[in-house]
Amino acid sequence: MINAIITGISLELGKEFGKRYKVYTEDVEQGLKGPCFFITCLNPTTKLFRGKKYFRTNQFCIQYFPKNEKKANQECNEVAECLTWCLEYITADGDAMRGTNMHHEIVDGVLNFFVNYDCFVYRIGEQEEKMQRLIQKQGLKR
């Protein structure tokens, strides 16, 4: 599910910012060249809700590395505003998901945008063997 959400976020970023902004989902060894995004899931949690139904909390951090280092804060603030609206709804595995708990901070000229995509999931267990056939004979007493 997490990979599907990351794909949904990447698609929305591509729609909003175009191809000139690279989107990374894995660690980059040599360093990132701006402008680009880096998407990671921070601390997913799963809690039992009822029966086989679980509530899953997925907090994501989308980092934005600006192109212009001299006006990094201004560029980061503009991108944060765009992210607020373009990441409100995404599609993951054909399902619409709504982003919640959005907030951002700028640290050392890099935008850290946080958003949750929470959902319910069902645990599918092993199928129990079903009864093959039931024959019932019924009659009336006189």
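Scroll up a little and you will see the structure.
An account of the accompanying structure is given in this report. (Residues numbered from 1 in each chain as written. Predicted model: local features only at pLDDT ≥ 70, side-chain atom pairs only at ≥ 80, totals over all residues. Heavy atoms only, no water.)

Some words on the packing of helix α1 (residues 2–17) against helix α2 (residues 72–86)
- Interaxial distance between α1 and α2 falls to 10 Å at its minimum, and their mutual angle equals 125°. Comparing their axes, α2 and α1 come out oblique. Judged by the sense of rotation from one axis to the other, the crossing of α1 with α2 is right-handed. Residue-level contacts link Glu12, Leu13, Glu16 and Phe17 of α1 to Val79, Cys82, Leu83 and Cys86 of α2.
- Residues belonging to the contact of α1 with α2 are distributed by class as follows: 6 nonpolar, no polar and 2 charged. (Axes fitted to C-alpha atoms, helices over the stretch in contact; angles between N-to-C directions. Helix = DSSP H or I, 4+ residues; strand = E, 2+ residues; numbered from the N terminus. Parallel < 35°, antiparallel > 145°, perpendicular 65-115°, else oblique. Left-handed = near helix turned anticlockwise from the far one by under 90°. Contact = heavy atoms within 4.5 Å. Nonpolar A, V, L, I, M, F, W, Y, C, P; charged D, E, K, R; others polar.)

Let's talk about the packing of aromatic side chains
- Taken as a whole and judged by the stated rule, the model has 8 aromatic pairs.
- An angle of 35° between the planes, with centres 6.2 Å apart, marks the rings of tyrosine 21 and tyrosine 64 as tilted. Here tyrosine 21, found in the loop between α1 and β1 (22–24), pairs with tyrosine 64, found in strand β5 (residues 59–65); they are 43 residues apart in sequence, far enough to count as distant.
- Taking NZ or CZ as reference, lysine 53 lies 4.5 Å from the ring centre of phenylalanine 120, over its face. (Phe/Tyr/Trp six-rings, centres within 6.5 Å; stacked < 30°, edge-to-face > 60°. Lys NZ or Arg CZ within 6 Å of the ring centre and 35° of its normal.)

A short note on the nonpolar core
- Ranked by internal contacts, the top residues of the largest apolar core, which has 28 residues, are Ile9, Phe37, Phe60, Ile62, Leu83, Leu87 and Tyr117.
- Broken down by secondary-structure element, the contributors of at least two residues to this core are α1, β2 (36–41), β5, α2, β6 (89–92), β9 (110–116) and β10 (119–122).
- At 6 residues, α1 tops the list of elements feeding residues into this core.
- Excluding anything up to four places from it in sequence, phenylalanine 60 contacts Ile2, Ile5, Ile6, Ile9, Ile39, Thr40, Cys41, Phe113, Phe114, Val115 and Tyr117. (Core = buried A, V, L, I, M, F, W, Y, C linked by side-chain atoms within 4.5 Å. Buried < 20%, exposed > 50% of the residue type's maximum accessible area, 1.4 Å probe, protein only.)

A word on the sheet that holds β1
- As summarised here, the arrangement of the 5 strands in space is β1-β2-β5-β9-β8, forming an open sheet in which the pairing is mixed. Edge positions in the open sheet fall to β1 and β8 (100–107), since each of these has one partner strand only. Each adjacent strand pair in this sheet contributes to an overall mean axis angle of 20°, direction not counted.
- Bridge count between β5 and β9: 6 bridges; the pairing is antiparallel. Across the sheet, residue tyrosine 64 finds its bridge partner in β9, namely leucine 111.
- Each of β1, β2 and β5 touches α1; the most contacted strand, β2, lies at about 160° to it.
- Strands β2, β5, β8 and β9 of the sheet are contacted by α2, whose axis makes an angle of about 15° with β9. (Pairing = 2+ DSSP bridges.)

A closer look at unusual backbone geometry
- Within the chain, aspartate 93 stands out as a residue other than glycine whose phi angle is a positive 55°.
- Looking at the element boundaries, aspartate 93 is found in the loop between β6 and β7 (95–98).
- A positive phi angle, close to 50°, is found at asparagine 101, a residue other than glycine.
- By the secondary structure assignment, asparagine 101 is in strand β8.
- Asparagine 101 gets classed as exposed once you look at its relative accessible area, which sits at 52%.

Things to note about the sheet that holds strand β3 (residues 45–50)
- Within the open sheet, the 3 strands sit side by side as β3-β4-β10. Their pairing is antiparallel. Here the strands that pair on one side only, and so sit at the sheet edges, are β3 and β10. Ignoring which end each strand starts from, the neighbouring axes of this sheet average 35° apart.
- Pairing between strand β4 (residues 53–57) and β10: 4 bridges, direction antiparallel. Bridged to tyrosine 54 within β10 is valine 121.

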